[in-house]
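Survey of secondary and tertiary structure
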Amino acid sequence: MKITVKYFGMIAETTQCEEEIIDFSGNFISDFLKILHSKYPELKNKGFQVAQNQELVSLETGVTGGEIALLPPFAGG
Amino acid sequence: MKITVKYFGMIAETTQCEEEIIDFSGNFISDFLKILHSKYPELKNKGFQVAQNQELVSLETGVTGGEIALLPPFAGG
Amino acid sequence: MTDKKVKSVFKQGAISSEFIGESIAKHQTKTSIGAHNIFLGQVRADVIDGKTVSAIEYTAYEDMANQKFHEIREAAFEKFNLTCMHIYHSLGMVKAGEICLFVFVSSPRRKVVFEALEYIVEEIKAHVPVFGKEIFEDDTHQWKVNN
Amino acid sequence: MTDKKVKSVFKQGAISSEFIGESIAKHQTKTSIGAHNIFLGQVRADVIDGKTVSAIEYTAYEDMANQKFHEIREAAFEKFNLTCMHIYHSLGMVKAGEICLFVFVSSPRRKVVFEALEYIVEEIKAHVPVFGKEIFEDDTHQWKVNN
């Protein structure tokens, strides 16, 4: 399935793009992150949370398609 | 000694004046209040605190002269 | 602490929203501030026994009140790491919907302003000799009491 | 609760003191309100390793952020007896000394506004995906992290 991946803040700085589409055939968020880590090795040193379709998810969550976002620490206010 | 007495809010409404000078020869705030109560019997039904020279005092405090104020409940803000 | 100059906190009539906006603007040169917290007291059109409050007329034992405001101010600066603090209270007539109390605290950090503002407002309500005559639409009145 | 309309909380650039003053003025027709409490976040000119922050550039995962703001808003109305609540957050460049967050709550009673405002601000800091690039005077930068 095609996943729209969104990057923000210091993560977008690492990936040097804010959005891309990745074709994915695995099951879990952890599988999806393996693909990102091999594409962007520097991501391993960055702290981020993962949101799928605007809800925070864990590594064990199943990938359902749609939008996955990598969110660095929040700094609102 | 001459005491300047100040009345505020609902107390001033009862005494129908905001300030007067009373000649006093007793010792304690309680003595001073007796004079006011006999002058204004309705004061007995009113809740108020007493300040002497801008500090709250109790019935047992000695009268030192200067200014005595009868303060009804506060309603600031 | 009572030796320092005591300035008046009182303003005649309501406190305008423009005045509040200008106070905020004045703090934009103070770039160590990270958080402001503002409390505004507004006169409520309470309905009591079928009659509606149209205004409150404020009076105060002004010298003592300014002294108390000053003590509250000094105590707050001692307890909390504040950059700025401003307090204004109305005297005279303030109509329902208008603002009668404006307390403004600023600090580098947000936790401080929440604690400090509540402390200051509660101290004002409890200890400052200000009196309020709630005036109804039919010109009768009752005396306000803080809870 | 997520079915209701979600409006955007974001404003491009700094939030002006005039805008805040006007927001206050708009509440003067709501005569059941007795207390307003306002939080303002202001960009600090922090000095880090000898370099001074001159601005923060804010970005957000906007759809998710507006959804979170909406959930915070709904939760606060459920927990607290509030008459009104307004939240505005900046996007883009906000210079040191300028305001980037404006949270405004109103209620008949003061106790409520203190509790509600702190709750809302802490929820925003913890749960809303907004990101801040602290830009130094020499055009280098670092990424802000809420504590």
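Going by the structure above, here's the rest.
Computed from a predicted model, the values in this text were never measured in an experiment. (Residues numbered from 1 in each chain as written. Chains lettered and ligands numbered in written order. Predicted model: local features only at pLDDT ≥ 70, side-chain atom pairs only at ≥ 80, totals over all residues. Heavy atoms only, no water.)

Some thoughts on the sheet that holds strand E2 (residues 19-23) of chain A
Residue and element names in this part refer to chain A. Pairing is mixed across the open sheet formed by five strands, whose spatial order is E2-E1-E5-E3-E4. Since the sheet does not close on itself, it has two edges, and those belong to E2 and strand E4 (55-57), each with one partner. Averaged over all pairs of adjacent strands, the angle between strand axes in this sheet comes to 30 degrees, irrespective of strand direction. As paired elements, strand E3 (residues 49-52) and strand E5 (residues 66-71) share four bridges and run antiparallel to each other. Counted as the bridge partner of Gln 49 is Leu 71 from E5. (Pairing = 2+ DSSP bridges. Helix = DSSP H or I, 4+ residues; strand = E, 2+ residues; numbered from the N terminus. Axes fitted to C-alpha atoms, helices over the stretch in contact; angles between N-to-C directions.)

Quick look at a negative patch on the surface
Taken together, Glu 18 and Glu 22 of chain C together with Glu 18 and Glu 22 of chain D make up a surface patch of like negative charges. When contributions to the negative patch are tallied by element, the ones reaching two or more residues are helix H1 (17-26) of chain C together with helix H1 (17-26) of chain D. Looking at the secondary structure, you find Glu 18 of chain C in helix H1. (Patch = residues over 30% accessible without salt bridge, like charges linked within 9 Å, V, L, I, M, F, W, Y side chains within 5 Å. Areas by Shrake-Rupley, 256 points an atom, 1.4 Å probe, with all protein chains shown as cover. Salt bridge = Lys/Arg side-chain N within 4 Å of Asp/Glu carboxyl O. Lys, Arg positive; Asp, Glu negative; His and termini not counted. Charge placed at Lys NZ, Arg CZ, Asp CG, Glu CD.)

Observations regarding the relation of the copies chain C and chain D
Superposing chain C onto chain D requires a rotation of 180 degrees together with a translation of 0.0 Å along the rotation axis, leaving an RMSD of 0.0 Å. The relationship between the two copies is best expressed as a two-fold rotation axis. Interface overlap between copies is the fraction of interface residues in one copy that are interface residues in the other; for chain C against chain D it reaches 100%, indicating a shared surface. (Least-squares fit on C-alpha atoms with pLDDT ≥ 70 in both. Contact = heavy atoms within 4.5 Å.)

Description of H1 of chain D
Residue and element names in this part refer to chain D. Every buried residue belonging to H1 is among Ser 17, Ile 20, Gly 21, Ser 23 and Ile 24, and all of these are buried. For H1, the buried positions fall inside an angular range of 160 degrees around the axis, keeping them on one side. The outward face of H1, more than 90 degrees from its buried face, is lined by the exposed residues Glu 18 and Lys 26. (Buried < 20%, exposed > 50% of the residue type's maximum accessible area, 1.4 Å probe, protein only. Arc of directions from axis to C-beta.)

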